[in-house]
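# Topology and contacts: notes
These are the residues of each chain, in order.
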Amino acid sequence: MISHHDALIYTMVLTAAADGDLKDEELRTMGNIVQSLPVFQDFDPEHITAVAEDCGRYLSKEDGLEEALEMVRNALPDKLNETAYALAVDVAVSDGQLRQEELRILEMVRHMLDVDRLTAAAIERGAVVRHRKP
């Protein structure tokens, strides 16, 4: 079983890797999130690479995406489900483009974590506004 920190990072990695291309902006966003949000206050940011690589190993397996999502759901306490979804959305919009593959992963994450549609819409709108470029 993975920790709640790992689960949050897995959620971000799954979203960033959805289109098969981890962009620098997405990686920077993940690093900034891990270093700045209170949910990661007792997590060593030096471990983010190892956790991301572990998630990547799951993704390379047959049915790895479903397995990784199941691990995320099992590791997160209910009160962090919306947080996980918000972090995934932040990563998805950080490069200024939402690709179809990312939208599909976000929908899977939303359903897996039982984030209701209204809450998800608010999270998505907030992320788009925060990451908008002039």
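Structure: above.
Keep in mind that what you see is a predicted model, and the values were worked out from it rather than measured.

Given 3.6 residues per turn, any residue in an α-helix points the same way as the ones three and four places further on. Between its terminal C-alpha atoms helix α1 (residues 4-16) stretches 19 Å, which fits the 18 Å expected from 13 residues at 1.5 Å a residue. A large share of α1 lies buried, amounting to 12 of its 13 residues. Among all positions in α1, only His5, Asp6, Ala7, Leu8, Ile9, Tyr10, Thr11, Met12, Val13, Leu14, Thr15 and Ala16 are buried.

It is worth spelling out helix α3 (residues 48-59) at this point. Taking 1.5 Å per residue as the helical rise, α3 with its 12 residues ought to reach 16 Å, and the 16 Å between its terminal C-alpha atoms agrees with that figure. Of all the residues in α3, the buried ones are Ile48, Val51, Cys55 and Tyr58. For α3, the arc enclosing every buried residue in end-on projection is 80°, short of the 170-degree limit, so these residues lie on one face. Buried residues in α3 make contact with α1, α2 (24-36) and α4 (64-75).

The next subject is the packing of aromatic side chains. Going through the model one piece at a time under the given rule, you end up with two aromatic pairs. Pairing Tyr10 with Tyr58 gives two aromatic rings, centres 6.2 Å apart and planes at 55°, and the pair type is tilted. Taken together, the residues Tyr10 in helix α1 and Tyr58 in helix α3 connect sequence positions 48 residues apart. The same class applies to Tyr10 as to Tyr58, namely buried. Ring geometry for Phe40 and Phe43: centres 5.9 Å apart, planes at 65°, overall edge-to-face.

Basis of the calculations
Residues numbered from 1 in each chain as written. Predicted model: local features only at pLDDT ≥ 70, side-chain atom pairs only at ≥ 80, totals over all residues. Heavy atoms only, no water. Helix = DSSP H or I, 4+ residues; strand = E, 2+ residues; numbered from the N terminus. Expected span 1.5 Å × (residues − 1). Buried < 20%, exposed > 50% of the residue type's maximum accessible area, 1.4 Å probe, protein only. Arc of directions from axis to C-beta. Contact = heavy atoms within 4.5 Å. Phe/Tyr/Trp six-rings, centres within 6.5 Å; stacked < 30°, edge-to-face > 60°.

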